[in-house]
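Reading the structure
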Amino acid sequence: MFKRWCIGLVLGAALMAAPPVSTRSQAWVLALDERGGLVGDLRPDELEVKVGGKIRPLTELKTPAQTADMSQSWVLVFEPIRDTTTRAVAFTAAADFLTKVPDGDRVFIVARGKDSLESLMPGLTGDRAAWASAMEKVPGMLPETLTGIPKGQLGGQGFDPAAKALPGEPGGQEKLAALLAKFQNGASWAGGTMDQKGRTALDRLNLNDSMLVSSLVQISGREMATLESILGQMESIPGPKHMIVFSRCEMDDLVHPSIRSAMNRSFTRTKGDMGGPAETATLAVRDVTIQQQCVKDKAASSGVMLYSVAGAGPNLVGNIGTIAAETGGFCFPLRSELERQFGQGIQIFGSRHLLRWSGDDSAAHPASLEIKSKRKGIRLIAPSLVM
């Protein structure tokens, strides 16, 4: 099957014996060179850790090679995705990723149903046949918009982070490969309708209808609350933990730059418009920012790295994409080249240095986290917050 990539000199260092530590005193850090290649041989003297502005001494450093055999957890979340072609790109990239997940890693798949996020398996599992079965259900159940009234909690089979791993069915990798081949054959199977060209986030949200926007913000809040609950349950899971959110819906429209710009635009006021579009945009941005902060804080406290597959480019990263980098995660544009970029990139993102440091664990939290490399030309992708 597949092994995690281990590129670079094996030079990790355990500086002193240390008992298990909380997420307040450790971080998984990805090191890249100037060309974007993986760097796997950082030394303790090349790193500096600051928590709340104060330097903290490293107690342990492990390289990607030293943690390669450690089981990693991957949670795939599918929020509504509009446009048939875009849906096909997202589903194909996800199926391709599943064929590349290293042996020993575990996966949990969640998708939006008619009114709530639903789990398609009872917990994290290494059963590739179960991954294929769950992934095959996603295109048929995933809506294009935020339909219904979410419950604010996970439906379907729930999520038991302590679920016992059962032996996988034989032929799981072959089932994943067959599913990927099916997904790569056209796009009609992906469901949905073709997106209307030229239609913008402002058109879709209609800031003149404050009640509609308020309703969408509330639905977004319940979706985010569900993500929070999953993140909270992941806190007890050992090893590197990742949550990847695929999305292209109203939740992403609400964080589109045009909505923030609308806060300062002049609109034609009408009688009984309950404040006007500028006020509607202001309230929406305020409430969504609070929702994002709650999810980011929960990810930080649970030690989970967030990834977004939603936006169309560097400045359009979607709802989760706005906060992903602060958790040590990354944003992947949801466009035609996603399958190639995502399949390769996500493998690299699982190859991280483990840093642990000492200090006053009772200090005020949340606190800023700053990790720098003294080696020239190194870019670090790491969380920027500890809880």
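The present account deals with the structure reproduced in this document. Bear in mind the structure is a predicted one, so any value in this text is a computation, not a measurement.

Across its full length, the chain holds ten helices and 16 strands. Each of the 387 residues in the chain was classed as buried or not, and the buried ones make up 52%. A sequence separation of at least 24 residues applies to 79% of the contacts in the chain between residues at least 6 apart. For the chain, the exposed area adds up to about 16900 Å²; of that, 54% sits on carbon and sulfur atoms.

Running from amino to carboxyl end, helix 1 (residues 84–100) crosses helix 3 (residues 172–183) at an angle of 155°, the nearest separation of the two axes being 9 Å. Judged by the angle between their axes, helix 1 and helix 3 are roughly antiparallel. Once helix 1 is placed against helix 3, the crossing between them reads as left-handed. Judged by residue contacts, Phe91, Thr92, Ala95, Asp96, Leu98 and Thr99 of helix 1 engage Gln173, Leu176, Ala177, Leu180 and Phe183 from helix 3. A per-class count over the contact of helix 1 with helix 3 returns seven nonpolar, three polar and one charged.

Across the sheet, four strands lie side by side as 4-3-14-16; this open sheet has antiparallel pairing. Both edges of this open sheet fall to strand 4 (54–56) and strand 16 (385–386), since each of them pairs with a single strand only.

Taken as a whole and judged by the stated rule, the model has 18 salt bridges. A salt bridge links Glu46 to Arg43, with the nearest nitrogen and oxygen atoms 3.4 Å apart. A relative accessible area of 32% places Arg43 in the partly exposed class. The closest approach of N and O atoms between Glu337 and Arg335, which form a salt bridge, is 2.7 Å. According to the relative accessible area criterion, Glu337 is partly exposed, its value standing at 23%. Among the residues examined, Arg335 registers a relative accessible area of 33% and is labelled partly exposed. When salt bridges that share partners are traced, they join Asp41, Arg43, Asp45, Glu46 and Arg375 into one network.

Before going further, it helps to examine the nonpolar core. Counting 75 residues, the largest nonpolar core has Phe78 and Met243 as its most contacted members. Tallying contributions element by element places helix 1 first for this core, with nine residues. If near-sequence neighbours (up to four positions away) are discounted, Met243 is found in contact with Val75, Val77, Leu227, Ile230, Leu231, Met234, Val304, Met305, Leu306 and Tyr307. Residues Val39, Leu42, Leu58 and Trp357 belong to the second largest nonpolar core, which totals 19 residues.

Now for helix 8 (residues 277–302). With 26 residues, helix 8 should cover 38 Å at 1.5 Å per step; its first-to-last C-alpha distance of 37 Å lies within 8% of that length. At the exit of helix 8 stands Gly303, carrying a positive phi of roughly 70°.

By the element assignment, Thr125 lies in the loop between strand 8 (117–119) and helix 2 (128–141). Classification of Thr125 as buried rests on a relative accessible area of 12%. Apart from the residues within four sequence positions on either side, Thr125 is in contact with Asp105, Arg106, Val107, Ala130 and Trp131.

With that settled, consider the environment of Pro80. Counting through the fold element by element, Pro80 comes out in strand 6 (residues 73–81). The exposure class of Pro80 is buried, given its relative accessible area of 0%. Filtering out sequence-adjacent residues up to four positions away, Pro80 remains in contact with Arg112, Leu142, Pro143, Glu144, Thr145, Leu146, Ser247, Arg248 and Cys249.

This part covers unusual backbone geometry. Of note in the backbone geometry, Asp83 takes a positive phi value of approximately 80° without being a glycine. Tracing the backbone through its elements, the reader meets Asp83 in the loop between strand 6 and helix 1. The phi dihedral of Asn206 is positive, around 55°, even though this residue is not glycine. Residue position: Asn206 is located in the loop between helix 4 (201–205) and helix 5 (210–233). Relative accessible area serves as the criterion here: at 33%, Asn206 is assigned to the partly exposed category.

Before going further, it helps to spend a moment on the pairing of strand 14 (residues 367–373). The side chains of a regular strand alternate between the sheet's two faces. Both strand 3 (residues 47–51) and strand 14 contribute to a ladder of five bridges, which runs antiparallel. Across the sheet, Lys50 pairs through a bridge with Glu370, a residue of strand 14. Pairing of strand 14 with strand 16 involves two bridges; the strand directions are antiparallel. The residue of strand 16 that forms the bridge with Ala367 is Val386.

Here the focus is the sheet that holds strand 9 (residues 155–156). Here we have seven strands laid out as an open sheet, ordered 9-8-7-6-10-11-12, and mixed in their pairing. Pairing within the sheet leaves two strands with one partner each, and these edge strands are strand 9 and strand 12 (330–332). Against the sheet, helix 1 contacts strand 6, strand 7 (106–112) and strand 10 (241–248), and its axis sits at roughly 170° relative to strand 6.

Here the focus is the side chain of Asn319. As for its placement among the helices and strands, Asn319 is situated in helix 9 (residues 318–324). For Asn319, a relative accessible area of 2% puts it in the buried group. Sequence-distant contacts of Asn319, defined by excluding residues within four places in its chain, comprise Met224, Met251, Asp252, Val255, Val288 and Gln292.

Moving on, we come to the packing of helix 2 against helix 3. Running from amino to carboxyl end, helix 2 crosses helix 3 at an angle of 25°, the nearest separation of the two axes being 7 Å. Compared by their axis directions, helix 2 and helix 3 come out roughly parallel. Note that helix 2 runs across helix 3; the crossing there is left-handed. Across from Arg128, Ala129, Trp131, Ala132, Met135, Glu136 and Pro139 in helix 2, the residues of helix 3 making contact are Gly172, Gln173, Lys175, Leu176, Leu179, Lys182 and Phe183. Its residues placed into classes, the contact of helix 2 with helix 3 shows eight nonpolar, two polar and four charged.

Here is what the cut-offs are and how they apply
- Residues numbered from 1 in each chain as written.
- Predicted model: local features only at pLDDT ≥ 70, side-chain atom pairs only at ≥ 80, totals over all residues.
- Heavy atoms only, no water.
- Helix = DSSP H or I, 4+ residues; strand = E, 2+ residues; numbered from the N terminus.
- Buried < 20%, exposed > 50% of the residue type's maximum accessible area, 1.4 Å probe, protein only.
- Contact = heavy atoms within 4.5 Å.
- Areas by Shrake-Rupley, 256 points an atom, 1.4 Å probe, with all protein chains shown as cover.
- Axes fitted to C-alpha atoms, helices over the stretch in contact; angles between N-to-C directions.
- Parallel < 35°, antiparallel > 145°, perpendicular 65-115°, else oblique.
- Left-handed = near helix turned anticlockwise from the far one by under 90°.
- Nonpolar A, V, L, I, M, F, W, Y, C, P; charged D, E, K, R; others polar.
- Pairing = 2+ DSSP bridges.
- Salt bridge = Lys/Arg side-chain N within 4 Å of Asp/Glu carboxyl O.
- Core = buried A, V, L, I, M, F, W, Y, C linked by side-chain atoms within 4.5 Å.
- Expected span 1.5 Å × (residues − 1).

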